[in-house]
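For reference, the chains in residue letters:
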Amino acid sequence: MTDSVTAWSVRAFHDELRREADADPWLIVQVTSGERFEAMHLPGAQWVDPRELMHGGPPAPGLLPELPRLQALVQRLGYEPGRRVIALDDEGGGWAGRFLWTLDCLGQRNWAFLDGGLIAWANAGLPLEQGSPVAAAPSAWTGTLDPRPLATRDEVLTACTTGSAQIWDARSLEEHLGQRSASARAGRIPGAKHLDWLELMDPARDYQLPEDLAARINGAGIDLGAPVIAHCQTHHRSSLAYLTGRLLGAEGIRAYAGSWSEWGNDPTLPLETGPRT
């Protein structure tokens with residue numbers, strides 16, 4: 001099956017659900033805190049806690065969880081290959097992107113993103129529900145990992161020394177310059193290009209993707225027609241970078257899930273600080 005990814009506006013998706021009320025339902029996945037889900041969620045949505053998408057252990061908590069954990073998550077959601085799935089969050093796309101990247105890592109590369117997510121849906125006055133999610137009929141899906149969306153530390157090291165792939169740093173500018181760090185060391189991966197994940201959302205438009213998204217990425221010197229490896233601190237923020245690349249047709253985009261939490265805590269790895277020359 002070929003890849004098929006898209007972004008839906010909230011009104012278009014609401015209309016789609018109304019038209020297909022009696023058809024095979026979408027799997028709507030809301031990736032938010034449990035408190036937010038219980039306060040408001042899309043009708044029929046399933047809940048994913050962001051922590052379910054992370055390994056969680058030091059020094060690199062953003063690594064992918066073990067396959068049995070991922071299989072259990074997918075089964076709980078009732079996902080079956082070929083079922084239409086759309087993901088949303090309440091922050092502009094980071095956690096939704098992390099879930100969709102996880103689907104890619106499981107070889108399920110056909111999905112949709114709800115642009116603007118819960119913020120845009122609520123601000124449009126569209127229907128919301130409260131309370132715990134209704135349990136889905138569990139699936140028996142037991143897929144395997146697909147290595148294509150993943151970049152390891154050694155692959156990133158090769159990329160930054162040979163130029164075989166561009167490194168996209170989606171952290172803040174202060175982190176990129178080495179002025180602030182949540183790891184033992186501050187700085188950036190040598191040669192990394194910078195575009196803050198906040199540039200990939202538009203607060204004035206309910207945190208939808210900006211209309212000039214491709215131009216912003218290109219303006220940062222990132223060529224989506226060539227191999228790209230995205231990272232941040234834990235591959236939360238860079239999940240939005242990965243998501244936007246996929247939506248723009250980047251076939252060679254991957255994510256370094258170890259991110260700066262791994263790189264910045266390993267004294268054997270090279271780094272740069274200060275403005276790029």
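Structure's up top.
Everything numeric here is computed off the predicted structure, so don't read it as measured data.

A.B. asks: Quick question: what am I supposed to make of the overall build of the protein chain here?
C.D. replies: Across its full length, the protein chain holds 10 helices and 9 strands. The C-alpha radius of gyration computed for the protein chain amounts to 18 Å, which stays within 12% of the reference 19 Å derived for 277 residues, consistent with globular compactness. Expressed along its principal axes, the backbone C-alpha trace of the protein chain runs to roughly 55 × 40 × 35 Å. Relative to its full complement of 277 residues, the protein chain shows a buried share of 51%. Considering only residue pairs separated by 6 or more positions, the protein chain has 75% of its internal contacts joining residues 24 or more positions apart. Accessible area of the protein chain: about 11900 Å², with a carbon and sulfur share of 52%. Each charge class in the protein chain was averaged separately, 24 positive and 35 negative side chains, and the resulting centres sit 3 Å apart.

A.B. asks: What's the story with the layout of surface pockets in this structure? I'm lost.
C.D. replies: Unoccupied space between atoms shows up once a probe the size of one water molecule is rolled over them. Estimated volume of the largest pocket: approximately 450 Å³. For the largest pocket, the lining is made up of 29 residues, of which Pro 25, Trp 26, Ile 28, Pro 43 and Gly 44 are closest to its centre. At the level of secondary structure, the elements contributing two or more residues to the lining of the largest pocket comprise α1 (10-19) and β2 (27-31). No other element matches the 3 residues that α1 contributes to the lining of the largest pocket. Here the residues of the lining of the largest pocket sort into 16 nonpolar, 7 polar and 6 charged.

A.B. asks: Can you help me understand the state of the cysteines in this one?
C.D. replies: In protein structure, a disulfide is the covalent linkage between the sulfur atoms of two cysteines. By the definition in use, this model includes 0 disulfides. Free cysteine: Cys 105, not disulfide-bonded; nearest cysteine sulfur from Cys 232 at 14 Å. Unpaired in terms of disulfides, Cys 160 finds its nearest cysteine sulfur in Cys 232, a separation of 17 Å.

A.B. asks: Can you walk me through the pairing of β2 in this structure?
C.D. replies: Strand residues, when the strand is regular, have side chains that alternate between the two faces of the sheet. Buried residues dominate β2, accounting for 5 of its 5 residues. Residues of β2 alternate between two faces, with Leu 27, Val 29 and Val 31 on one and Ile 28 and Gln 30 on the opposite face, all of them buried. Of the pairings in the sheet, the one linking β2 to strand β4 (residues 85-88) comprises 4 bridges and is parallel in character. Note on β4: the bridge partner recorded for Val 29 is Ala 87. Pairing geometry for β2 and strand β3 (residues 46-48), over 3 bridges, is parallel. When the sheet's bridge partners are listed, Gln 30 is paired in β3 with Trp 47. In terms of handedness, the path from β2 via helix α2 (residues 34-39) over to β3 forms a crossover that is right-handed.

A.B. asks: In this structure, what is going on with the sheet that holds strand β8 (residues 228-231)? I would like to understand it.
C.D. replies: Each strand in a sheet pairs with its neighbour through backbone hydrogen bonds, running either in the same direction (parallel) or in the opposite one (antiparallel). Read across the open sheet, the 4 strands follow the order β7-β6-β8-β9; overall the sheet is parallel. Since the sheet does not close on itself, it has two edges, and those belong to β7 (193-194) and β9 (253-255), each with one partner. Here β8 runs beside β9; their pairing, made up of 3 bridges, is parallel. Looking across to β9, one finds that Val 228 is bridged to Ile 253.

Rules used throughout
- Residues numbered from 1 in each chain as written.
- Predicted model: local features only at pLDDT ≥ 70, side-chain atom pairs only at ≥ 80, totals over all residues.
- Heavy atoms only, no water.
- Helix = DSSP H or I, 4+ residues; strand = E, 2+ residues; numbered from the N terminus.
- Rg over C-alpha atoms; globule rule 2.2 N^0.38 Å.
- Buried < 20%, exposed > 50% of the residue type's maximum accessible area, 1.4 Å probe, protein only.
- Contact = heavy atoms within 4.5 Å.
- Areas by Shrake-Rupley, 256 points an atom, 1.4 Å probe, with all protein chains shown as cover.
- Lys, Arg positive; Asp, Glu negative; His and termini not counted.
- Charge placed at Lys NZ, Arg CZ, Asp CG, Glu CD.
- 1 Å grid on protein atoms, 1.4 Å probe; cavity = no way out; pocket = protein on both sides within 12 Å on 5 of 7 lines; lining within 4 Å.
- Points joined across faces, edges and corners; volume = space filled by probe spheres on them.
- Nonpolar A, V, L, I, M, F, W, Y, C, P; charged D, E, K, R; others polar.
- Disulfide = S-S within 2.5 Å.
- Pairing = 2+ DSSP bridges.
- Right-handed = clockwise from strand over helix to strand, strands pointing away.

The values reported here are purely geometric and, on their own, carry no functional implication.
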